[in-house]
Amino acid sequence: MRFAAVLDGTSAASADVTATVVHRQSAALGAFLRGGLDTRATGETLVFYDDERGKDRLIELAPTRDVRLLRTGSRAFERMAALLGTQAEGGQTDLFLFAGGPAGTELATRLACRSGGEVLTDVLGAEAAQDRLSCRRSIYSGHLMGRFELSARPWCISVDLSWADSDEPEAIEHVLLSDTDERDGCGPGPFEDREPLESPSAGDLAASRLVVVAGSGAGDRRGVERIAAAARQMGATLGVTRPVAMNAWAPMDRLIGVSGARTAPALCIVAGASGAPAFYWGIEKAGLIVAVDIDEHAPIVRDADLVLLDDAVAIVEELAAIVAAEREAR
Amino acid sequence: MPLTREAVVEGLRGIVGPDDVITDEQILVESSVDNFRKLQNIFNVHTMPIPAAVVMARSTEHVAQILRWADEHGVNVIPRTGATATEGGLESVVADSVIIDGSAMNEIVSIDAYNMQATCQCGVPLQALEDRVRELGLTTGHSPQSKPVAHMGGLVATRSIGQFSTLYGGIEDMVVGLEAVFPGGQVTRIKNVPRRAAGPDIRHVVIGNEGALCFITEVTVKLFPYFPENNAFLGWTLKDMATGFAVLRDVMVNGYKPSVARVYDPGDAGLHFSHFAAEGDCVLLFMAEGAAGIAKATADGIQGIVDKHPECRQVDSAYIETWFNDLCWDASKITAEDERIRQTHNVNRTTEISADWSSINDIYQAARARIIAEIPDITMMGGHSSHSYINGTNMYFNYFFNVVGVGPEEETSKYYLPIIGIICEETLKRGGSIVHHHGMGKARAPWVKDEYGSSYYVLETLKHAFDPNGIMNKGTIIPLSTK
Amino acid sequence: MSSMRILACFRVTPDYEALRESAWSAAARRSLSSSGGAETGHDESAGARHDEIAGPAGFVDTRFVRRILDCFDESALELALRLSDALVGLGVTSGLGALSVGTPDADPHLKTLLALGFERAARVHTEAALDFAPAATAAVIAAYIRRLDRRDLLMLGARSGPGGDATVPFRVADELGWPCLTQATGVEPLADGRLRVTVMTDDGLQRLTARTPCVLAVGNAVVSHLRVPTLTDRLAVRDRRPDILEPADLGVDLTDALRREGPSLTTLEGIDRRRQSILIEGDTPRAKAQALFDLRLKSLLEDL
């Protein structure tokens, strides 16, 4: 089976393409190719870029040996889809792989529409059998796992970003096969005057090794702030559940779960969250899960390694004090 | 000469020690209100006088000392345990009040499965007691929606009632004995006996006193066997409330005791049952439980009664069972509802009354029609009957309105109190009671004399006898303006 | 510009959170023992309706739970109303239309939207909910816009349905030849007829300007609840009904579209998340925290 992995090097907010966003794409695709694709396959990476200065670094991030560079305008997704479509028309590529996230979803979908193929996003694993690709992804807000079969090629799948948290990739010797300028006729695009509003913290949440989650058991905004302060004291990153984010007790980019960040920390302390599947999906891969809740019947109790039945804010604050004291003593 | 805030705090510290006297600003502000000021709470707008302190009582002796001291110095005290009150009963309406919080008195003292009684301190959460007795195959039978958060002391103080009352009764039927402390520091224990005729039943001075007469420190309640495997659910849709009330009456008069018997009007049904009830439908539902023979006979009896009403269309019992499993409050539901209110400024309020069978439908129709005509910005005006007796039933008005053009602190004056007023008027006019189970609190206290008529003499005398210095929860049951 | 016509799309969904845990394990079991997907394993009984398409999705028994608005769609509806209010403030007429593709469960919500001032509310009828059928869903929406109700802006949830599908907005955009922005969390009108949109991208929160026509797919917006119409509002539209259409009215052969739909859901599996659940005890929060630290955290944190 032949595949093409697609890296979007045009979407970083800054010209610095070593930015987390491209790293995560690359890490997810690389890890998926090594561990999530249960089938023998050969392929190449197609890298879209818009700034000359970042080219070399982008090549280094490619998850395959063979790399093709295509220069387009920033976020020129329709142009990118058209270029991928041309490649698909050639019939050589069975599978196009994108990294999960808004850009990957857009590209995968537009390509499938254009080329008569099929698209599936947030894929956790895939295997080809006979003439089909069988993929796994979560459904019903994390309550169940679904298996889907794709038949019409090209298969356009976006890889669940949790793949980015797997082991360190091996260094690859890259071979640049081509570097073409595809900006011709690329208009300015339908969206203008793009301004970043705040520095992204979702990236650091998804990559963090130590996470403290505040749920509605924190009681109110003040409770969440206290948990946040304790998290900082411990050197942990704060995540929150949906009720907390929707109440604006914490910024939306702290949201963990099916509709937010997926984390894979070594240690995750869940304070005052009952552990509904849609949230738990975001912490499933944590090494050690500690649940703090006053309700012994909350699902998180059963789904955690260690359980403390007590007030979320009180416990987290005490723990932070202990950790801080220990650090000072060392 | 009223004590200063500092003097109040000092006095309390002298009794319980500094650790149990809470003066944190945020806690005091939050302690000045209960769910009556729900909208203000959600928007963090606080208008009630701030208490001087919250004192954690850890023993009956503590409570006695605190009350004696408060009585001596004329300090207004507000007894509190789970803090789930909805009628302003926990509001501090005078400056520098003291909240006596009994939630730390949370020991389950004994569970006696032979005599079918459980004794616990006032701060035991009902859910905790229920979970414990379930392990023994028993139940308290008491299941108000506040069960996950309410405590035993408050549940008795407010004459609370639960979802299964039609079988198990209200709290007044469940209480055996109790211990309460009065303003002079008198600790009174009422012993646990099944029944007696040794004078008037003095438990009823305590049950429902809403902290206006005494502080409840310990209660003993009956236990019942628990047979969830025999639960039977029944449901119908129908076109009008009059039929619904008639069916409920039939069921009660014929001696059946389902644990749940309800009829929802179209507005209220639309909130819960739109997946099987069409627009304009009322919903009638029952749950029968208990020993196998009883549960079956109850369900069969109800089926037979409703079968005689062809205008009732039966629905799959799975709808009723599914809905019922999801009914109690929990932290995330409360948070989600608060968030909804914050965004939409659409507020949900309730007012529950009781009356005999002849009057209940008239009260429902009249109150509903007047509210729709006289109150602006109503988005839903409906209700349901949920607690039936041989001689009548309750009506739980459930209504929503958008708060328009005023801040959250004016919601009560622009919408909530006028609606309560209409409901109380229409109920009193027809001889009903203006409060079935939430307690008078401070919200309905202005109607206390209309509610009692000549029997107000008894209530007033109780108040003067037990609380001559007027320190117990000023404004509750008897409003401040009435001497 | 003098007018902007907005179409908001939504679906209703069973309230999956009201299902007991046993419902999910039962669904996985049924899926495991199924014979090729044609059987759904339901019993018909009085009042029951088939809500799921035949096949593995039908193994989740949602017959007895209430229906609610899909949460991102609800955000989209309220943002559409707020955008319309803002346009009025700018002196621009805006028409709001609503569209749902699916079963009559959506009708009460369509009536609510009429009461809230939507000029038009339509449903394209399908016998069963279009779960796991994003291509067919998108085909219907695009056909509706092209043939029946030309609009300048389409707003809908970024994810919808039990699969949390994120492709419908892009599919519709592709078919209409419109640009599409996803994970939008806020939108404001500019005086020149463009829109200032806040979006959450792979690289953080950004704001940008979009020209219409375009598709806005709404994500984790803090605005998440639809406003509530008064009884007076409802009375005013008492005699209006949503427009009920068939896919054929839009030139869409739904059966054919569903047949060609891919990918197809073949099986459901349960997810076992149970862990050791060891209880850490102590008399006070401090004691418990200390016990936790001593037992596991101290060594773990040293390694990090």
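Being a predicted model, the structure only gives us computed values, none of them experimental.

Moving on: the overall build of chain A. In terms of helices and strands, chain A carries 10 helices and 16 strands. The C-alpha radius of gyration of chain A comes to 21 Å, within 12% of the 20 Å expected for a compact globule of 330 residues. Each principal axis of the C-alpha distribution contributes one length, and for chain A these read about 60 × 45 × 40 Å. The buried share of chain A, taken over its 330 residues, is 63%. Taking as baseline every contact in chain A between residues at least 6 positions apart, the subset at least 24 positions apart corresponds to 66%.

As a rule of thumb, nonpolar side chains are buried together in soluble globular proteins. Counting residues in hydrophobic clusters, the biggest one holds 196 residues, and the most contacted among them are V213, I227, V270, A271 and V316 of chain A together with A8 of chain C. Within the second largest apolar cluster, 145 residues are counted, among which are I139 of chain A together with A367, M395 and M440 of chain B.

What follows deals with the interface of chain A and chain C. Across the contact, 75 residues belong to chain A and 65 residues belong to chain C. Those elements giving two or more residues to the side of chain A that touches chain C turn out to be helix 4 (102–115), strand 5 (118–123), strand 8 (144–150), strand 11 (191–196), strand 15 (288–292), helix 9 (299–302), strand 16 (306–308) and helix 10 (312–329) of chain A. Looking at the side of chain A that touches chain C, its residues break down into 43 nonpolar, 12 polar and 20 charged. Summarising the sheet, strand 8 of chain A and strand 12 (residues 264–270) of chain C pair through six bridges and their orientation is antiparallel. Residue L144 of chain A lies in a different strand from strand 12 of chain C, and its bridge partner there is G270 of chain C.

Here we come to the packing of helix 6 (residues 221–234) of chain A against helix 10 of chain A. Residues and elements named next belong to chain A. Orientation of helix 6 relative to helix 10, taken along the N-to-C sense of each, is 20 degrees, at an axis distance of 8 Å. Classed by the angle they form, the pair helix 6 and helix 10 counts as roughly parallel. Handedness of the helix 6/helix 10 crossing: left-handed. Here G223, R226, I227, A230, Q233 and M234 of helix 6 lie close against helix 10, whose contacting residues are A312, V313, V316, E317, L319, A320, V323 and A324. Taken together, the residues of the contact of helix 6 with helix 10 break down into 10 nonpolar, two polar and two charged.

At the interface, 23 residues of chain B touch 19 residues of chain C. If you list the elements that add at least two residues to the side of chain B that touches chain C, you get strand 15 (313–315), helix 13 (317–324), helix 14 (331–344), strand 17 (378–385) and strand 19 (392–402) of chain B. Here the residues of the side of chain B that touches chain C sort into eight nonpolar, 10 polar and five charged.

With that out of the way, let us pick up the sheet that holds strand 6 (residues 117–121) of chain B. The pairing of strands in a sheet comes from backbone hydrogen bonds and takes either a parallel or an antiparallel form. All names here are of chain B. Taken in spatial order, the five strands make up an open sheet running 5-6-10-8-9, and their pairing is antiparallel. The open sheet has two free edges, formed respectively by strand 5 (108–112) and strand 9 (187–190), since each of these has just one partner strand. Each strand of the sheet is rotated relative to its neighbour by a mean of 10 degrees, with strand direction disregarded. Where strand 6 meets strand 10 (residues 215–222), five bridges bridge the pair, whose relative direction is antiparallel.

Quick look at the environment of D293 of chain A now. Residues and elements named next belong to chain A. With respect to the secondary-structure elements, D293 resides in the loop between strand 15 and helix 9. A tally of 27 C-beta atoms within 10 Å means that D293 is categorised as buried. Once the C-alpha coordinates of D293 and L309 are considered, the two residues, 16 residues apart in sequence, prove to be 5.1 Å apart. Once you skip the residues sitting within four places of it in the chain, D293 turns out to touch G217, G272, S274, A298, I300, V301, L309 and A312.

It is worth spelling out the sheet that holds strand 3 (residues 77–80) of chain B at this point. All names here are of chain B. Across the sheet, four strands lie side by side as 1-2-4-3; this open sheet has mixed pairing. Two strands close off the open sheet at either side, each with one partner strand: strand 1 (21–22) and strand 3. Relative to strand 2 (residues 53–56), strand 1 runs antiparallel, the two sharing two bridges. Bridged to V21 within strand 2 is V55. Along the sheet, helix 1 (residues 5–16) contacts strand 1, strand 2 and strand 4 (98–101); its crossing angle with strand 2, the most-contacted strand, is approximately 5 degrees. Across the sheet, helix 4 (residues 60–73) lies against strand 2, strand 3 and strand 4, angled at about 165 degrees from strand 4, the strand it touches most.

Take the domain arrangement of chain B next. All names here are of chain B. Along its sequence, chain B is carved into domain 1 (5–103), domain 2 (108–225), domain 3 (228–324) and domain 4 (338–438). The C-alpha centroid of domain 3 is placed 29 Å from the C-alpha centroid of domain 2. With five residues of domain 2 in contact, the opposing surface of domain 3 contributes seven residues. A class-by-class count of the residues in the side of domain 2 that touches domain 3 yields three nonpolar, two polar and no charged.

Turning our attention to the pairing of strand 12 (residues 210–214) of chain A. All names here are of chain A. Most of strand 12 is tucked away, with five of its five residues classed as buried. Summarising the sheet, strand 12 and strand 14 (residues 267–271) pair through five bridges and their orientation is parallel. In the strand pairing of strand 14, A214 is matched with A271. Where strand 12 and strand 13 (residues 237–240) come together, four bridges link them in parallel fashion. Paired with A214 across the two strands is V240, which belongs to strand 13.

Two numbers describe a pair of packed helices, the interaxial angle and the distance between the axes. All names here are of chain B. At a minimum axis separation of 10 Å, helix 10 (residues 241–253) and helix 12 (residues 292–307) run at an interaxial angle of 140 degrees. Put simply, helix 10 runs oblique to helix 12. Handedness of the crossing formed by helix 10 with helix 12: right-handed. Only I302, I305 and V306 of helix 12 make contact with helix 10, whose side of the interface consists of V247, D250 and V251. For the contact of helix 10 with helix 12, the residue count by class is five nonpolar, no polar and one charged.

All names here are of chain C. Of all nine residues that make up helix 3 (residues 107–115), seven are buried, and the element is covered over most of its length. H109, L110, K111, T112, L113, L114 and A115 are the residues of helix 3 that are buried. In this structure, the buried residues of helix 3 make contact with strand 1 (3–10), strand 2 (12–14), strand 3 (67–69), strand 4 (93–102), strand 5 (120–125) and helix 6 (231–236). After helix 3 finishes, the residue G117 shows a positive phi value of roughly 105 degrees.

A few words on the domain arrangement of chain A. Residues and elements named next belong to chain A. With domains assigned, chain A is organised as domain 1 (2–181) and domain 2 (202–329). Its C-alpha centre places domain 1 at a distance of 32 Å from the equivalent point of domain 2. Taken together, the residues of the side of domain 1 that touches domain 2 break down into two nonpolar, six polar and two charged.

Scoring rules and cut-offs
All chains use their own residue numbering, which begins from 1 and follows the written sequence. Each chain is given a letter, starting from A, and each ligand a number, starting from 1, according to the order in which they appear as written. Side-chain atom pairs in this predicted model are given and counted only at pLDDT of 80 or more, local residue features only at pLDDT of at least 70, and totals for whole chains, interfaces and linings cover all residues. Helix and strand labels come from DSSP, where a helix needs a run of H or I of at least four residues and a strand needs a run of E of at least two; each type is numbered from the N terminus. The globule rule used here is 2.2 Å times the number of residues to the 0.38 power, and the radius of gyration it is set against is calculated over C-alpha atoms. Buried residues are those with 20 or more other C-beta atoms within 10 Å of their own C-beta, exposed residues have 12 or fewer, and partly exposed residues lie in between; C-beta atoms are placed from the backbone. Working definition of a contact: two residues with C-beta atoms, positioned from the backbone, lying within 7 Å. Under the definition applied here, buried Ala, Val, Leu, Ile, Met, Phe, Trp, Tyr and Cys residues are grouped into a nonpolar core through C-beta atoms within 7 Å. Under the grouping applied here, Gly and all other residues not named as nonpolar or charged are polar, the nonpolar ones being Ala, Val, Leu, Ile, Met, Phe, Trp, Tyr, Cys and Pro and the charged ones Asp, Glu, Lys and Arg. In this analysis, strands are considered paired if DSSP registers two or more bridges between them. Fitted lines through C-alpha atoms give the axes, limited to the stretch in contact for helices. The angle between two N-to-C directions lies from 0 to 180 degrees. Our angle categories are set so that under 35 degrees counts as roughly parallel, over 145 as roughly antiparallel, 65 to 115 as roughly perpendicular, and the remainder as oblique. For any helix crossing, the convention is left-handed if the near helix is rotated counterclockwise from the far helix by under a right angle, and right-handed if that rotation is clockwise. Residue ranges assigned to the domains are those given by an automatic or database domain assignment.

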